[in-house]
Amino acid sequence: MLHEVSFTSYNERDQVQAWIYVPACKPNGIVQLIHGFGEHSRRYIHMISAFLDAGYIVAADDHVGHGKTAMANNVWGDWGDKGCHTMMEDEHTLKKIVCEKYPNLPYFLFGHSMGSFITRDFIAKYGNELNGATICGTTGIFRGAKEVKEKLKEIIDAGHGEESDPNIVGSLMGWMCERCGEVQIRNEWICHDPYVQKDHAQDPFDAFTRPTSNRSIYDFIQMILTIEGTQWAKKVPKKLPIYNIAGDQDPVGEYGLGVCQVSNWLVETGHHVTTKLYSGYRHEIHNYAEIKNEVEARIIEFMNSNL
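Residues numbered from 1 in each chain as written. Predicted model: local features only at pLDDT ≥ 70, side-chain atom pairs only at ≥ 80, totals over all residues. Heavy atoms only, no water.

## Some thoughts on the nonpolar core
Put simply, the rule is: Residues grouped as a nonpolar core are buried Ala, Val, Leu, Ile, Met, Phe, Trp, Tyr and Cys residues, joined through side-chain atoms within 4.5 Å. Burial classification: accessible surface area is computed with a 1.4 Å probe over protein chains only, and a residue below 20% of its type maximum counts as buried, one above 50% as exposed, and the rest as partly exposed. Residue contacts are defined here by distance: any two heavy atoms, one from each residue, within 4.5 Å place the two residues in contact.
Counting residues in hydrophobic clusters, the biggest one holds 92 residues, and the most contacted among them are Phe51, Met114, Leu172, Phe220, Trp232, Ile299 and Met303. Among all residues touching Phe220, those that are not within four sequence positions of it are Phe37, Trp79, Met114, Phe117, Leu172 and Met173.

## A word on the packing of aromatic side chains
Worth spelling out the cut-off: The rule is short: rings of Phe, Tyr and Trp, with Trp giving its six-membered ring, pair when the centres are within 6.5 Å, and they are stacked under 30 degrees, edge-to-face over 60, tilted in between. Comment: elements are numbered from the N terminus, with helices defined as DSSP H or I runs of at least four residues and strands as E runs of at least two.
The full count for this structure, using the stated rule, is 10 aromatic pairs. Look at Phe142 and Trp175: their rings are 6.1 Å apart centre to centre, the planes differ by 65°, and that puts the pair in the edge-to-face class. Residue Phe142 is located in the loop between strand E6 (132–136) and helix H5 (145–157), and its partner Trp175 is located in the loop between helix H6 (166–173) and helix H7 (194–202); the two are separated by 33 residues in the primary sequence. Across the pair, exposure class does not vary: Phe142 and Trp175 are buried alike. Taken together through their ring pairs, the aromatic side chains of Phe37, Trp79, Phe117 and Phe220 make up a single cluster.

## Topic: the sheet that holds strand E4 (residues 56–62)
As a reminder of what qualifies: Two strands qualify as a pair provided DSSP detects at least 2 bridges between them. Axis lines are fitted to C-alpha atoms, over the contacting stretch for helices. Their N-to-C directions set the angle, which ranges from 0 to 180 degrees.
Pairing is mixed in the open sheet, where 8 strands are placed in the order E1-E2-E4-E3-E5-E6-E7-E8. Edge strands, defined here as strands with exactly one partner in the open sheet, are strand E1 (2–8) and strand E8 (273–278). Mean inter-strand twist for the sheet, computed between neighbouring axes without regard to direction, equals 15°. The sheet contact formed by strand E2 (residues 15–21) and E4 spans 5 bridges and is antiparallel. Within E4, the residue paired with Tyr21 across the bridge is Val58. Docked against the sheet, helix H4 (residues 114–126) engages strand E3 (29–34), strand E5 (107–112), E6 and strand E7 (242–247), running at close to 140° with respect to E5.

## As for the packing of H6 against helix H8 (residues 214–226)
This is how it is decided: For classification purposes, angles smaller than 35 degrees are called roughly parallel, those larger than 145 roughly antiparallel, those between 65 and 115 roughly perpendicular, and all remaining angles oblique. It is the rotation of the near helix from the far one that decides the hand of a crossing: anticlockwise by less than a right angle makes it left-handed, clockwise makes it right-handed.
With their axes 10 Å apart at the nearest point, H6 and H8 run at an angle of 20° to one another. Relative to H8, H6 is oriented roughly parallel. For the crossing formed where H6 meets H8, the hand is left-handed. Only Ile217, Phe220 and Ile221 of H8 make contact with H6, whose side of the interface consists of Ile168, Val169, Leu172 and Met173.

Everything listed is a geometric property; what it means functionally is a separate question.
Below, the structure written as structure tokens:
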């Protein structure tokens, strides 16, 4: 069964487009899938199918400025003017909608890349509502974020928040192909597989190749800084199980260093966290043909163990 739902975003401007996938069996629980920057939730259809086969209801939306939500509202690459918690609050709204339809079931989050940032923001505020969270392809101290933030503040204060400066985006993310050898599309950092790269670049629902407003990039950086250090980790309920996974050639996680920073922040503040690095793999470990089944199976195992 599939429910298509729409709800008003926290930004008070957009109607967020979302889906609730229901297996044809008695469900074990619910997992809410939170996609990353510039993409959309149907890029995870293989993972969604694996979760359904394991007996989980799957909820997913397309963030403001992304995917079908961007198409429906005719607003690409701008997330509104309500600040860095907008997407996190939208995810909480979706959770409430799902729980009204399917109450009293164990509830998990899976967030990849920016989706992992949103997940980490979510568990700092609403973690007591969950049975567990998987963060995939996350960041520790994001290289250059504070410096770019200061430049953006000047640009926004000068009245250019709704414009897009490609030099700013380049300063924040332009280094991410530094270990990729020959670069053509400039998304090679996501995966070694050229078919995954081309599929990502040519997808009409992807916002990755479209301009993102200066204001939204500023909010993106603010989101990153909000989830930094033990000051963030202290806000996460200690009883919440966390599974932290990534490729060790993922620049977002500084090739494993940033991923371990996050786990260490959590451990230092008394949390239970399991960390798994996949050796030799880049950002989208769930899109490598040779390991995606294992990645999904381990996430399912984590959820099953915390039902």
